[in-house]
Amino acid sequence: MNSNLTVQRIAGRASDIGGGMVVLRAVPTRQRRMIGAWCFLDHLGPVDFPAAQGMHVGAHPHIGLQTFTWLIEGEVLHRDSLGSEQIIRPGQVNLMTAGHGVVHTEDSLVGGQRLHAAQLWIALPANAADCPPAFEHFPDLPRWSEGAATLTLLAGSYAGRRMSASFHTPLVGLDAWSLSGGALRLSLDPGFEHGFFVLEGEMQLAGERYVLDELAYLPPGATELTLELAPGSRLLLVGGVPFAEPVLMFWNFVGHDKASIAAAWRDWQAGAARFGPVAGGEDRRLAAPPLPWVGV
Ligand code: MN
């Protein structure tokens, strides 16, 4: 690693997302609003739900972003206003492009089950923010061994491998898991900023120890980095070109101006056509909090 780059330590903060889930949120925090286009990073669990319980998130809208789910343990049923109905299982990714507007629900498949996942949002640039919504499921991701770790490419390209989803800005997502622990040398795109988030166990990075739910942020400029995973550790790497445009986030909406977010808020309240029904979700629509701005 280029020795004049400073690594920033960011601790995740607990956040109640409703539906029986408290998550650890690493992005956005006061210190770090985004990493490339990644504008949201929640760590769900691992949690063992009591019998007959699970995660149940009622119908809620999104605009201006892609939701990205990386499932490590458990099974979750995704349903949306496009008519998608998809079970996601360990080792798989769901990518929902909200664009102009979409509504979805997320439900544990079986009560009393263990759940462990990372849920991220990817901000869409202004020229794609209003695109038609879409949903994609990725059951088979590029996966290979490197030293003592198993790497899974979750998004973008890495070391000659490519994940097949199309994104609107250059980015990468990578999971590294190691049972025995050991050194892991990562190649990095020097045009990207990167975040290294501990999903299980702990790691040593640039001479510092990072424990569960801590994020190490590295600014652009590095072409490689060697870190040390403790036995039984899992790392989530996210990176991308620093986002050039200002991004506003309110509730489940991402936008580039207050007016577009206020319009989405009003459309959700009014039950407008762009936020259509979800099978099994109409009796549990989530209420939007009041808009924080007056007169938009
Ligand atoms: Mn959502």
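In the block above lies the structure referred to throughout.
Student: What's the story with the nonpolar core in this structure? I'm lost.
Tutor: What tends to happen in soluble globular proteins is that the nonpolar side chains get buried as a cluster. Grouped together as the largest cluster of nonpolar side chains are 67 residues, with contacts concentrated most on Phe68, Leu186, Phe196, Met203 and Leu227. Looking at which element gives the most residues to this core, the answer is strand E14 (residues 149–158), with 6 residues. Contact partners of phenylalanine 68, with chain neighbours within four places excluded, come to Trp38, Val93, Asn94, Leu95, Ala118, Gln119, Leu120, Ile122, Leu154, Ala155 and Phe167. Of all hydrophobic cores here, the second largest spans 15 residues; its members include Ala59, Phe253, Ala262 and Ala264.

Student: What exactly am I supposed to notice about the coordination of the manganese ion here?
Tutor: Any two of four tetrahedral donors ideally make an angle of 109.5 degrees at the metal, while pairs among six octahedral donors ideally make 90 or 180 degrees. The coordination sphere of the manganese ion contains the protein donors His60 (NE2), His62 (NE2) and His104 (NE2), at a distance range of 2.1 to 2.2 Å. Each donor residue of the manganese ion lies on one chain, and together they are spaced H-x1-H-x41-H. With histidine 60 in strand E5 (residues 56–62) and histidine 104 in strand E10 (residues 102–108), this residue pair connects regions lying 44 residues apart in the sequence. Histidine 104 matches histidine 60 in its accessibility class, with the two residues each being buried.

Student: Sorry if this is basic, but what is going on with the sheet that holds strand E2 (residues 13–18) here?
Tutor: Pairing between sheet strands relies on hydrogen bonds along the backbone, with the strands arranged either parallel or antiparallel. Strand order in the open sheet formed by 7 strands is E2-E3-E4-E11-E6-E9-E12, with antiparallel pairing between adjacent strands. Two strands bound the open sheet, and with one partner strand each, they are E2 and strand E12 (134–138). Mean inter-strand twist for the sheet, computed between neighbouring axes without regard to direction, equals 25°. The sheet contact formed by strand E4 (residues 38–48) and strand E11 (residues 114–123) spans 8 bridges and is antiparallel. For tryptophan 38, the partnering residue across the bridge sits in E11 and is isoleucine 122.

Cut-offs and rules
Residues numbered from 1 in each chain as written. Predicted model: local features only at pLDDT ≥ 70, side-chain atom pairs only at ≥ 80, totals over all residues. Heavy atoms only, no water. Core = buried A, V, L, I, M, F, W, Y, C linked by side-chain atoms within 4.5 Å. Buried < 20%, exposed > 50% of the residue type's maximum accessible area, 1.4 Å probe, protein only. Helix = DSSP H or I, 4+ residues; strand = E, 2+ residues; numbered from the N terminus. Contact = heavy atoms within 4.5 Å. Donors = N, O, S within 2.8 Å, 3.2 Å for Na, K, Ca; no water. Pairing = 2+ DSSP bridges. Axes fitted to C-alpha atoms, helices over the stretch in contact; angles between N-to-C directions.

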